[in-house]
Amino acid sequence: MELDDIPDDETLLRHIPGGTLWQAPGPRITSANFQLRHDRGETGVSVTRLKFTAPERLMEVVGGGREKGSRVAAARVGDVRALGLVVLPMPLDHDVGHAEIQSGATSLDDHACRKRLALLFRFVEE
């Protein structure tokens with residue numbers, strides 16, 4: 001398997017910052033975690049692949065910190081694609097497993113799409 005092939009059964013990880021904007025009571029993941037920041041030139045939502053990056057390493061890379069309430073969430077690639085989104089590898093020097101979730105048949109600019117995406121991701125147990 002090539003580095004740029006991401007199979008449907010692979011797991012994606014996403015850093016979820018602490019605070020009520022990012023984590024609602026429950027706790028549950030909010031749709032705000034998947035909003036593109038067009039003013040920063042974002043083309044997709046940054047994730048990493050569990051195959052290459054452990055949750056602990058992701059926390060180190062993003063500088064989140066559990067003491068600030070940050071957590072890691074996971075979802076299966078095939079489930080993300082089933083929402084009409086695209087998952088593309090975007091390796092970085094410091095994270096070879098980096099990938100992006102991008103708009104496809106559905107748009108990340110649509111709140112309902114982001115809400116469905118938020119419901120897919122589940123917190124990884126510490």
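For the structure itself, consult the block above.
Attention here is on the structure that accompanies the text.

Rules and cut-offs
Residues numbered from 1 in each chain as written. Predicted model: local features only at pLDDT ≥ 70, side-chain atom pairs only at ≥ 80, totals over all residues. Heavy atoms only, no water. Buried < 20%, exposed > 50% of the residue type's maximum accessible area, 1.4 Å probe, protein only. Helix = DSSP H or I, 4+ residues; strand = E, 2+ residues; numbered from the N terminus. Pairing = 2+ DSSP bridges. Phe/Tyr/Trp six-rings, centres within 6.5 Å; stacked < 30°, edge-to-face > 60°. Lys NZ or Arg CZ within 6 Å of the ring centre and 35° of its normal. Core = buried A, V, L, I, M, F, W, Y, C linked by side-chain atoms within 4.5 Å. Arc of directions from axis to C-beta. Salt bridge = Lys/Arg side-chain N within 4 Å of Asp/Glu carboxyl O.

1. What to know about the pairing of strand β4 (residues 45-49)
Here's step 1: Within β4, 4 of the 5 residues are buried, which leaves the element mostly enclosed by the surrounding structure.
Here's step 2: In the sheet, strand β1 (residues 11-16) pairs with β4 via 2 bridges, with the strands oriented antiparallel. Following the sheet pairing, Leu 13 is matched in β4 by Thr 48.
Here's step 3: Relative to strand β7 (residues 98-102), β4 runs antiparallel, the two being bridged by 4 bridges. Opposite Val 47, over in β7, you have Ala 99 as the bridge partner.

2. With respect to the packing of aromatic side chains
Aromatic ring pairs are reported here in terms of the distance separating the ring centres and the angle at which the planes meet.
Here's step 1: Here the structure, examined in full by the defined rule, presents 1 aromatic pair.
Here's step 2: Over the ring of Phe 123 we find Arg 71, and its NZ or CZ is 3.9 Å from the ring centre.

3. What to know about the nonpolar core
Here's step 1: With 23 residues, the main nonpolar core has Ile 29, Val 80, Leu 85, Ile 101, Leu 117 and Phe 121 as its most contacted residues.
Here's step 2: For this core, the secondary structure elements donating two or more residues are β1, β4, β5 (71-76), α2 (77-82), β7 and α3 (111-120).
Here's step 3: Per element, the largest residue contribution to this core is 3 residues, and it comes from α3.
Here's step 4: Core analysis: the next-biggest nonpolar cluster, separate from the first, contains 5 residues, Leu 13, Leu 58, Met 59 and Val 72 among them.

4. Some details on helix α1 (residues 55-62)
Here's step 1: Where α1 is concerned, the buried positions are Pro 55, Leu 58 and Met 59. The buried residues of α1 all sit within an arc of 100° when viewed along its axis, so they share a single face.
Here's step 2: After α1 finishes, the residue Gly 63 shows a positive phi value of roughly 70°.

5. Regarding the pattern of salt bridges
Here's step 1: A full pass over the atoms with the stated rule returns 5 salt bridges.
Here's step 2: In this structure, Glu 42 and Arg 37 form a salt bridge, with 2.5 Å as the shortest nitrogen-oxygen distance.
Here's step 3: Owing to a relative accessible area of 39%, Arg 37 belongs among the partly exposed residues under this scheme.
Here's step 4: As a salt-bridge pair, Asp 79 and Arg 76 come within 3.2 Å of each other at their nearest N and O atoms.
Here's step 5: Among the residues examined, Asp 79 registers a relative accessible area of 32% and is labelled partly exposed.

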